[in-house]
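Working through the structure, step by step
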Amino acid sequence: MTGKPGNNTLSKTQVESIKRHIKTFPVMESHYLREQTNIQYLASDLNVNKMYELYKERNLAPVFPLPSESPYRKIFSEYFNLGFH
């Protein structure tokens, strides 16, 4: 399979589903660098892996095939300016 393109594209429905899920988590502003950055922070007990597991649990009877963790992680990093406290 080396060099062969795969079908790694997500439908708009899948992308929007992931974005909606990420937006459900409460965010906090940094109290240290509030003037210098606009990054927001999620709770310290979260990480992308845990968020993806919660996404899978929430979608036990999906209407569309659930994407793997890799696209979830990519959408998290490309569309959101979030860190972990």
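Owing to the predicted nature of the structure, the values given are computational and were not obtained by experimental measurement. (Residues numbered from 1 in each chain as written. Predicted model: local features only at pLDDT ≥ 70, side-chain atom pairs only at ≥ 80, totals over all residues. Heavy atoms only, no water.)

Some remarks on the overall build of the protein
A count of helices and strands for the protein gives 3 helices and 3 strands. Beginning at the N terminus, the succession of helices and strands in the protein can be written as α-β-β-α-α-β. Relative to its full complement of 85 residues, the protein shows a buried share of 31%. Counting only contacts in the protein whose residues sit at least 6 apart along the sequence, the fraction spanning at least 24 positions is 65%. (Helix = DSSP H or I, 4+ residues; strand = E, 2+ residues; numbered from the N terminus. Buried < 20%, exposed > 50% of the residue type's maximum accessible area, 1.4 Å probe, protein only. Contact = heavy atoms within 4.5 Å.)

With respect to the packing of helix α2 (residues 48–58) against helix α3 (residues 69–79)
The N-to-C vectors of α2 and α3 enclose an angle of 115°; their axes lie 10 Å apart at closest approach. In terms of crossing hand, the pair formed by α2 and α3 is right-handed. Residues V48, N49, M51, Y52 and Y55 of α2 lie in contact with α3, whose contacting residues are E69, Y72, R73 and F76. For the contact of α2 with α3, the per-class residue count stands at 6 nonpolar, 1 polar and 2 charged. (Axes fitted to C-alpha atoms, helices over the stretch in contact; angles between N-to-C directions. Left-handed = near helix turned anticlockwise from the far one by under 90°. Nonpolar A, V, L, I, M, F, W, Y, C, P; charged D, E, K, R; others polar.)

Focus on α3
Given 3.6 residues per helical turn, the α-helix brings residues three or four places apart onto the same face. Those residues of α3 that fall on the buried side of the exposure criterion are P71, Y72, I75 and F76. One side of α3 holds all its buried residues, which, seen down the axis, span an arc of 140°. Turned more than 90 degrees off the buried face of α3, the exposed positions are S70, K74, S77 and E78. Each element contacted by the buried residues of α3 is listed here: α1 (12–23), β2 (40–42), α2 and β3 (82–84). (Arc of directions from axis to C-beta.)

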